[in-house]
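# Structure at a glance
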Amino acid sequence: MAFRRKKPVKAKAKTPKKRFSILRNEKFWFIIGILLMSVAAFLLISFVSFLFYGAEDQSIMDSGWKDFLLNSGIDVKNNGMKVGAMLSEIIINRGFGLASFIFIYMLAIISLRILGRKIARFSQTMVYSLALIVWLSLALGLIFNKTTGESFIYLGGHYGFMLSNWLRSLIGVFGLTLILVITGVMIVIIRFDKAFDYLKTLVRPREKAEKLQGEDDDDLEPFKEELEDSIQGEDDIIKVIDEDDVVRAIFEPEGDDDFEIQPEEESKIVAKKDEPDAEVKLDIEPGVEEEKNDEFQTEGLEDYDPTLDLPDYKFPSLDLLEDHKFGNAEVKQEELVANKNKIVETLRHYKIEITKIRATIGPTITLYEIVPAPGVRISKIKNLEDDIALSLSALGIRIIAPIPGRGTIGIEVPNQNPEVVSMHSIVRSKKFQESTAELPVALGKTISNETYMFDLTKMPHILVAGATGQGKSVGVNVIISSLLYKKHPAQLKFVFIDPKKVELNIYSVIEKHFLAKLPDAEEPVITDIQKVKNTLNSVNIEMDDRYNLLKAAHARNIKEYNKKFISRKLNPLKGHRYMPYIVVIIDEFADLIMTAGKEIELPIARIAQLARAVGIHMVIATQRPSTNIITGVIKANFPARIAFKVASMIDSRTILDTPGANQLIGKGDMLIASGSEITRVQCAFIDTPEVEKICAFISGQRGYPTALLLPEVMGDDEPGPGDVDLNNRDELFDDAARIVVANQMGSTSMIQRRFSIGYNRAGRLMDQLEAAGIVGPSEGSKARQVFISDEYSLEQLLNNL
């Protein structure tokens, strides 16, 4: 007898309560908004008509409200007819007088808010409007305590008339006038920041530095208003989210297609007052003596302000950036529901039941968090990565099993219409504007649509890797632009190393503001390999000099040292100076390693190991994430790594020590590893014309006479041909000379191939041949000229050596 296995009885999905479902209907609120706007328009027409025809209508209304409304034979002059005349009489004459017009403004603002318009400072506007109604009614009631002449209207209204009479009986006309003046000034000061700044200048003079700070705040005011505009507005269902709002869609896997959108609480950001941390390098010869009296007291002197060397410097404005977000498509509800159903169906094909699935909408991907039924192995879901991607017809999905600290399994699915995260939206975000970090860097937006930021001083070095065309250069430009938007030229200097000669050359115009270079360097952006070696060695010397200064000042890091210098506790005559942060940007690191090898790797490793405390940081980018480029020494000293899309899992493991970068969708999609935490971020997009505008804006202002000069490197030049000792010739010298003369071509690569030797040994052989007069000097990529024309002459020369 065969027994059939009973199918598990599916629990019926709970139908959502529809008790207040009408309050969530978008059409319902649209109708309410139109009605409120109509009421505001009707009241405006009625109030204006009341000012002209109120006297005639008032005599008719004296017969009583009931007869006035029910008697169809009564004709009124008010354009709002009987209802308009009655409401005008009640609200204006028996209410708050002319201040009642503010009610119309409030109704219009509320209706626009309901219809979806984003109103800046909505709640504050409502409170200020109510306060202004009371104040204006009371003021008009005091000024026009009796109706003007035989006028039919109380300009302050009944409440203003009664309240002013009561207060006059308590404190008199002078006391009431004084209270009105004080409260009026308070309302203006609280509502308008510029009025407060103006009043401060009348009460007490400001210092020069305070004026400069005020000007900077005025420049940022448009950013704050746009930010509050985006925060105060309400999002529609399943829309691309503004700023710090996070939208999650929660639904049951076995229920119907209805699900609930839950906005998470906005992250609370505590804004601190920025500390004055600008920097300038004094023209004093370094000669630091480690004496106990390096710290000295200077009573009566103000704190040193290094930004006063460029007091008129203006930070780049927001209008230099373009808002590429315009025209982006929304993430539709149908797309969410369809993906949810496909994920659930695919898992059920493999007999995997889930209890809940939740969606978090990001700029380019949507994270579906699932809670598996008890007894389901996580590895079983992890192995279905390709099957889920096939069912969703997606470019590629990534499964996070499990999500740390969440107790769920994450499935990241690319959106059909990804959003472009513009640098404009990142710079104007509240998180970036109120950041108090020493070197704030805003990279883009996370999967929950929050602005991703970090402090470069805490990283402290970054390794950026990714395949060609996946957004690596844009990411480097975003890092540089973030620092340019927040730091004064006295606070920060860049060292640009660009073997490709075209990526970072755009920043050469800000040489006298933000760049540092060797004293003998002709170009501000270093491109020559030999000059790269000298520059890195010079940065090492600068690092050692700074450590000597910190030791003499008994400071542990650059922040403590600069704080002491600003408070004038360090004597400049003993070599102390204000230290700017130095950020070394290296593009195409692979080319440097292939060309110079250890000569580049060792100074970089030393900077990465020691330079954090003295304010020197590095950002290295490469498009070849192989183990011979990103060596163990580099990885050990670069804990913060950014991986854009790469070709293989091996490359991902080379960068992040874990797979995942090979499953990204490209176009700025990246993984950021900081310690043991990996975060997926959509990099902000900044186009080359935008970078040019920022650089042109900065270069158009007054700068320093020259770029910051790094210490000169002495004794590191390679020996010339005259320094070669021909008495200690290589064993292959004679054979190499015969091959060069026979082929009439002096080429290092030819010697390397013929004798199967390394490049360094072949180079030494060529130097010896040049010193012996067999070949001429190097001519770049061309082969050297051969001075010996035949073998007989060569043999004579070799016998004489």
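Residues numbered from 1 in each chain as written. Predicted model: local features only at pLDDT ≥ 70, side-chain atom pairs only at ≥ 80, totals over all residues. Heavy atoms only, no water.

## Looking at the overall build of the chain
Stated formally: Secondary structure elements are taken from DSSP: a helix is a run of H or I of four residues or more, a strand is a run of E of two residues or more, and numbering for both begins at the N terminus. The classification of residues rests on relative accessible area computed with a 1.4 Å probe and restricted to protein chains. Under 20% of the type maximum is buried, over 50% is exposed, and intermediate values are partly exposed. Here, two residues are considered to be in contact whenever any of their heavy atoms come within 4.5 Å of each other. Accessible surface is estimated by sampling points in the Shrake-Rupley manner with a 1.4 Å probe; for residues, cover comes only from the protein chains shown.
Within the chain one finds 26 helices and 17 strands. Within the chain, buried positions represent 46% of all 801 residues. In the chain, the share of contacts with a sequence separation of at least 24, taken over all contacts with a separation of at least 6, comes to 70%. For the chain, the computed accessible surface area is about 42100 Å², with 54% contributed by carbon and sulfur atoms.

## What to know about the nonpolar core
Formally: Nonpolar cores are built from buried Ala, Val, Leu, Ile, Met, Phe, Trp, Tyr and Cys residues. Side-chain atoms within 4.5 Å join them into one set.
Ranked by internal contacts, the top residues of the largest apolar core, which has 113 residues, are Leu443, Phe494, Tyr507, Ile586 and Ile604. Sequence-distant contacts of Leu443, defined by excluding residues within four places in its chain, comprise Tyr452, Phe454, Gly475, Val478, Ile479, Ile642, Met670, Ile672, Gln682, Cys683 and Ala684. Residues Leu732, Ala737, Phe755 and Leu769 belong to the second largest nonpolar core, which totals 23 residues.

## Here's the deal with the sheet that holds strand 13 (residues 616-622)
To keep things clear, this is the line we draw: When DSSP finds two or more bridges between a pair of strands, those strands are recorded as paired. Structural elements are reduced to axes, namely lines fitted to C-alpha atoms, with helices fitted over the stretch in contact, and the angle between N-to-C directions of any two is expressed from 0 to 180 degrees.
Strands sit in the order 8-7-16-15-14-9-13-12-10 across an open sheet of 9 strands; the sheet is mixed. Pairing within the sheet leaves two strands with one partner each, and these edge strands are strand 8 (451-455) and strand 10 (492-497). Going from strand to strand, the sheet's axes swing by 25° on average, the running direction of each strand aside. Examined bridge by bridge, strand 9 (residues 462-465) and strand 13 share 4 bridges and lie parallel to one another. Paired with Val464 across the strands is Ala621, a residue of strand 13. Strands in contact with helix 16 (residues 529-553) are strand 10, strand 12 (581-586) and strand 13; relative to strand 13, the strand with the most contacts, it is inclined by about 155°.

## Digging into the side chain of Glu438
Just so we agree on the cut-off: Pairing of N or O atoms within 3.5 Å defines a polar contact, subject to two protein rules: one partner must be a possible hydrogen donor and the other a possible acceptor, and residues neighboring in sequence count only if both atoms are side-chain atoms.
With respect to the helices and strands, Glu438 occurs in the loop between helix 13 (430-433) and strand 7 (440-446). By relative accessible area, which is 13% here, Glu438 ends up buried. Of the polar contacts made by the side chain of Glu438, one reaches the side chain of Tyr581; its length is 3.2 Å.

## Some points on helix 6 (residues 157-191)
The following threshold applies: Under the convention used throughout, the expected extent of a helix is 1.5 Å for every residue step, that is, one less than its residue count. Think of it this way: the bend at a residue is just the angle between two axes, each fitted to seven residues, one set ending at that residue and the other starting at it.
Taking 1.5 Å per residue as the helical rise, helix 6 with its 35 residues ought to reach 51 Å, whereas the 25 Å between its terminal C-alpha atoms falls clearly short. In helix 6, a bend of some 105° at Ile171 exceeds every other bend along the element. Listed as buried for helix 6 are Gly157, Gly160, Ser164, Leu167, Gly175, Leu176, Leu180 and Gly184. Buried-residue contacts for helix 6 involve helix 3 (81-96) and helix 5 (122-143).

## Comments concerning the side chain of Thr408
Within the element layout of this structure, Thr408 appears in the loop between strand 5 (398-400) and strand 6 (409-414). Looking at Thr408, its side chain comes within polar contact range of the side chain of Glu369, at 2.8 Å. Ignoring anything within four residues of it in the chain, the contact list for Thr408 reads Arg358, Glu369, Ile370, Val371, Ile400, Pro402 and Ile403.

## Some points on the packing of helix 5 against helix 6
Worth spelling out the cut-off: Angle categories: roughly parallel below 35 degrees, roughly antiparallel above 145, roughly perpendicular from 65 to 115, and oblique for all the rest. Crossing handedness is defined as follows: a turn of the near helix away from the far one that is anticlockwise and smaller than a right angle gives a left-handed crossing, while the clockwise case is right-handed. In this classification, the charged set is Asp, Glu, Lys and Arg, the nonpolar set is Ala, Val, Leu, Ile, Met, Phe, Trp, Tyr, Cys and Pro, and all remaining amino acids, among them Gly, are polar.
Direction vectors running N to C along helix 5 and helix 6 enclose 140°, while the axes themselves pass 8 Å from each other. Relative to helix 6, helix 5 is oriented oblique. In this structure, helix 5 crosses over helix 6, and the sense of that crossing is left-handed. Broken down by class, the residue content of the contact of helix 5 with helix 6 amounts to 15 nonpolar, 8 polar and 2 charged.

## Overview of a nonpolar patch on the surface
Threshold: A patch is a set of surface residues, each over 30% in relative accessible area and not in a salt bridge, joined within 9 Å for like charges and within 5 Å for the nonpolar side chains Val, Leu, Ile, Met, Phe, Trp and Tyr. Note on definitions: salt bridges are taken to be side-chain nitrogens of Lys or Arg within 4 Å of carboxyl oxygens of Asp or Glu.
A contiguous nonpolar surface patch, about 550 Å² in accessible area, is contributed by Val134, Leu163, Trp166, Leu170, Ile171 and Ile179. A per-element tally of the nonpolar patch places helix 6 first, with 5 residues.

## Quick word on a negative patch on the surface
The following threshold applies: Under the counting rule used here, the positive set is Lys and Arg, the negative set is Asp and Glu, and His together with the chain ends is not counted. All charge positions are set by atom: Lys at NZ, Arg at CZ, Asp at CG, Glu at CD.
On the surface, a cluster of negative charge is made up of Asp520, Glu522, Glu523 and Glu712. Its place among the elements puts Glu522 in the loop between strand 11 (516-517) and helix 16. We classify Glu522 as exposed; its relative accessible area is 66%.

## Comments concerning the pattern of salt bridges
Across all of its chains, the model carries 20 salt bridges by this definition. Residues Glu412 and Arg680 are paired through a salt bridge, measuring 2.3 Å at the closest nitrogen-oxygen approach. Residue Glu412 is located in strand 6, and its partner Arg680 is located in strand 16 (residues 677-683); the two are separated by 268 residues in the primary sequence. Arg680 carries the same exposure label as Glu412, and that label is buried. One salt bridge in this structure joins Glu511 and Lys517, with 2.7 Å as the shortest N-O distance. Judged by relative accessible area, which is 11%, Lys517 ranks as buried. Among the charged side chains, a salt-bridge network with shared partners connects Arg398, Glu412, Asp669 and Arg680.

## Points about the confidence of the model for the chain
This is how it is decided: Within a predicted model, pLDDT stands for the predictor's per-residue confidence, ranging from 0 to 100.
The share of residues in the chain with pLDDT of 70 or more is 78%, and the mean pLDDT across the chain is 78. Confidence, read as mean pLDDT per element, is least for strand 2 (residues 260-263) in the chain (39) and greatest for strand 12 (96). The model gives residues 1-20 a pLDDT under 50, and that stretch makes 4 contacts with residues more than four places away or in other chains.

## Looking at the packing of helix 4 (residues 101-114) against helix 5
Packing of helix 4 against helix 5 brings their axes to within 10 Å, and their N-to-C directions diverge by 165°. Taken as axis vectors, helix 4 and helix 5 run roughly antiparallel relative to one another. Our pair here, helix 4 against helix 5, has a crossing hand that is left-handed. Along its contact with helix 4, which presents Ile102, Phe103, Tyr105, Met106, Ile109, Ile110 and Arg113, the element helix 5 presents Phe122, Thr125, Met126, Ser129, Leu130, Leu132 and Ile133.

## Observations regarding the environment of Asn662
With respect to the helices and strands, Asn662 occurs in the loop between helix 21 (649-656) and strand 15 (669-674). In this structure the C-alpha to C-alpha distance between Asn662 and Met649, which are 13 residues apart in sequence, comes to 5.6 Å. Apart from the residues within four sequence positions on either side, Asn662 is in contact with Lys645, Val646, Ser648, Met649 and Ser652. One polar contact links the side chain of Asn662 to the main-chain amide nitrogen of Gly660, over a distance of 3.2 Å.

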